[in-house]
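Single-letter residue listing:
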Amino acid sequence: MVGEVAVSGAKNAAVAIIPAVLLSDGICRIENVPAISDVNVIIKILYELGAYVKVIDNTTVEIDPTHINSHILSASMSSKMRASSYFIGAMLGRFKKAKVAPPGGCDFGVRPIDQHIKGFEALGATVTIDGGMVHAHASELVGSSIYLDKVSVGATVNIMLAAVKARGLTIIENAAREPHIVDLANFLNSMGANIMGAGTDVIKIRGVSSLHGTTYSVIPDQIEAGTYMLAAAITGGDLTITNVIPKHLESISAKLIECGAEVIEYDEAVRVIMNRRPKTCNVLTMPHPGFPTDMQPQMTTLLALSDGVSVMTEGVWDNRFKYVDQLTLMGAKIKVDGKVAIINGVERLSAAPVKATDLRAGAAMVLAGLAADGKTEIENVEFIDRGYDNIVEKLSAVGADIRRVTYIDPLTSRSAV
Ligand code: EPU
């Protein structure tokens, strides 16, 4: 594949920023919003809660949250995605109370929220789980010091949301450092919040009494960019990925260079050129600035075609190798033992009908399909639509032979790529 692919706004930033709008006393205009189903779901939740939502164009939305007066998010609203848990922090911050059904999202084994709850409690909230709903309430939220026992993106976001209007100073130690944490902090600061240290492992939040409306542009998606970088590598291509922040891609670039790719950085683009079979490399996924777990299935797929044995160790989630069975159907030789996959590179993958078992696993199937001999059919592509804006159109434009097919089924309408 040869050409240019433009990256959309970051899913994991957008799904934190949009619930954060709830904390504003005015209209928020959010730009560079990705056209993906997770974002549509979160905007719909705000709309159903009573926000005025105006879609300005494909990537810009204006939200007026001032009319919202409900602090309840039902199971049917929240179960579709993980980020719905951010409404607990946002509603606590705005109403001092929240009633939210436990979040859904991709299934990587147990997905606890104990660190979120620890944070809310430290701020003075009482949190109970009753009738399948998380109930949190406080007469007043007061700043506090919170040490996270595990680096957690979700807990860091949720505590920031609950603390931003609390009285006094909140300190989050061992905080997540992901680019989307920094983006959320920048967004809140643009509304008048006082957050310092985002991007380091100590975040300090001095509570303010109110937040005003703002105009804000979401950062580019690190994982979408990384996925297209790997698309170049796995097809022996030459792709320039535009609208990126190269600094966010350093761990991915480093591993691609180890695999034999040439990676050229520009101010807001990276070019990946691969003109050999991938070399082996060992990868350990870690919180940022480590190699992102959300690139693990895609990287494993590249290494499945490498010239020897590579080891992929999943350092964040307990069970994120479910997709390996699907790659095996295409001829990959991978043995999984708990959180470690031993990848015996093969010379070629061959097309097969496969399933997307979750969002990034779906992206991995697309990469495998691009590299494989023959026509690969991927089922359950709704997982891919959760996080990739127009993936079929973007890949077609750089030479991929990829199509979205909707099966006409009398009971379900399923789409495949
Ligand atoms: N954890 C706890 N207790 C908690 C929270 C998390 O033990 O209270 C553990 C988890 O079980 C996991 C680790 O901490 O082992 C990290 O979890 P984290 O809270 O950071 O994950 P998350 O906030 O649920 C976000 C992304 C995921 C991404 C992870 C890790 C969003 C909406 N989701 O999830 O993204 O894998 O951080 O970087 O931001 C994806 O985009 O495909 C995706 C799954």
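All values derive from a computational prediction rather than experimental measurement.

Novice: So what exactly am I meant to see when it comes to the packing of helix α1 (residues 11–20) against helix α4 (residues 86–95) here?
Specialist: When two helices pack together, their arrangement is captured by the angle between the axes and the distance separating the axes. Between α1 and α4, whose axes approach to 9 Å, the crossing angle comes to 25 degrees. As summarised for this structure, α1 and α4 are arranged roughly parallel, according to the angle between their axes. Two packed elements cross with a definite hand, and for α1 against α4 that hand is right-handed. Between α1, through Val15, Ala16 and Pro19, and α4, the contact on the second element is made entirely by Tyr86, Phe87 and Ala90. Its residues assigned to classes, the contact of α1 with α4 comprises six nonpolar, no polar and no charged.

Novice: Quick question: what am I supposed to make of the site of the ligand here?
Specialist: Every one of the 25 residues lining the ligand counts as a neighbour, but Gln115, Ser152, Val153, Asp294 and Val316 are closest to it. Lys11 has a polar side-chain atom sitting 3.1 Å from an oxygen atom of the ligand. For the ligand, whose unbound accessible area comes to 830 Å², protein coverage reaches 92%. Those elements that place two or more of their residues in the shell around the ligand are α1, α5 (114–122), α6 (153–163) and α12 (359–371). A breakdown of the residues in the shell around the ligand according to their chemical character gives eleven nonpolar, six polar and eight charged.

Novice: What's the story with α6 in this structure? I'm lost.
Specialist: In terms of residue burial, α6 counts as a mostly covered element, since ten of its eleven residues are buried. For α6, the full list of buried residues reads Gly154, Ala155, Thr156, Val157, Asn158, Ile159, Met160, Leu161, Ala162 and Ala163. Its side-chain oxygen at 3.4 Å from the backbone nitrogen of Gly154, Ser152 defines the N-terminal cap of α6.

Novice: Looking at this structure, I do not really get the sheet that holds strand β14 (residues 238–242). What am I missing?
Specialist: Sheet strands pair via backbone hydrogen bonds, and the direction of the pair is either parallel or antiparallel. Spatially, four strands are ordered β1-β14-β16-β15 in an open sheet, and the strand pairing comes out mixed. With partners counted over all chains shown, the strands left at the sheet margins are β1 (2–6) and β15 (262–265), one partner each. Averaged over all adjacent pairs, the angle separating strand axes in this sheet is 15 degrees, with direction ignored. By the bridge criterion, four bridges tie β15 to strand β16 (residues 269–273) in an arrangement that is antiparallel. Bridging across to β16, Val263 finds its partner in Val272. In the packing of helix α8 (residues 222–234) onto the sheet, the strands contacted are β1, β14, β15 and β16, and the crossing angle to β14 comes to about 170 degrees.

Novice: Can you help me understand the sheet that holds strand β12 (residues 202–206) in this one?
Specialist: Read from one edge to the other, the open sheet built from four strands follows the order β9-β10-β12-β11, with strand pairing classed as mixed. If you trace the sheet from one side to the other, it starts and ends with β9 (145–147) and β11 (194–196), each paired once. Across the sheet, the mean angle from the axis of one strand to that of its neighbour is 15 degrees, orientation sign disregarded. In the sheet, β11 pairs with β12 via three bridges, with the strands oriented antiparallel.

The rules behind these values
Residues numbered from 1 in each chain as written. Predicted model: local features only at pLDDT ≥ 70, side-chain atom pairs only at ≥ 80, totals over all residues. Heavy atoms only, no water. Axes fitted to C-alpha atoms, helices over the stretch in contact; angles between N-to-C directions. Helix = DSSP H or I, 4+ residues; strand = E, 2+ residues; numbered from the N terminus. Parallel < 35°, antiparallel > 145°, perpendicular 65-115°, else oblique. Left-handed = near helix turned anticlockwise from the far one by under 90°. Contact = heavy atoms within 4.5 Å. Nonpolar A, V, L, I, M, F, W, Y, C, P; charged D, E, K, R; others polar. Near = heavy atom within 4 Å. Polar contact = N/O pair within 3.5 Å; in protein donor to acceptor, adjacent residues only side chain to side chain. Areas by Shrake-Rupley, 256 points an atom, 1.4 Å probe, with all protein chains shown as cover. Buried < 20%, exposed > 50% of the residue type's maximum accessible area, 1.4 Å probe, protein only. Pairing = 2+ DSSP bridges.

Scope: geometric values only; no functional claims are made or implied.
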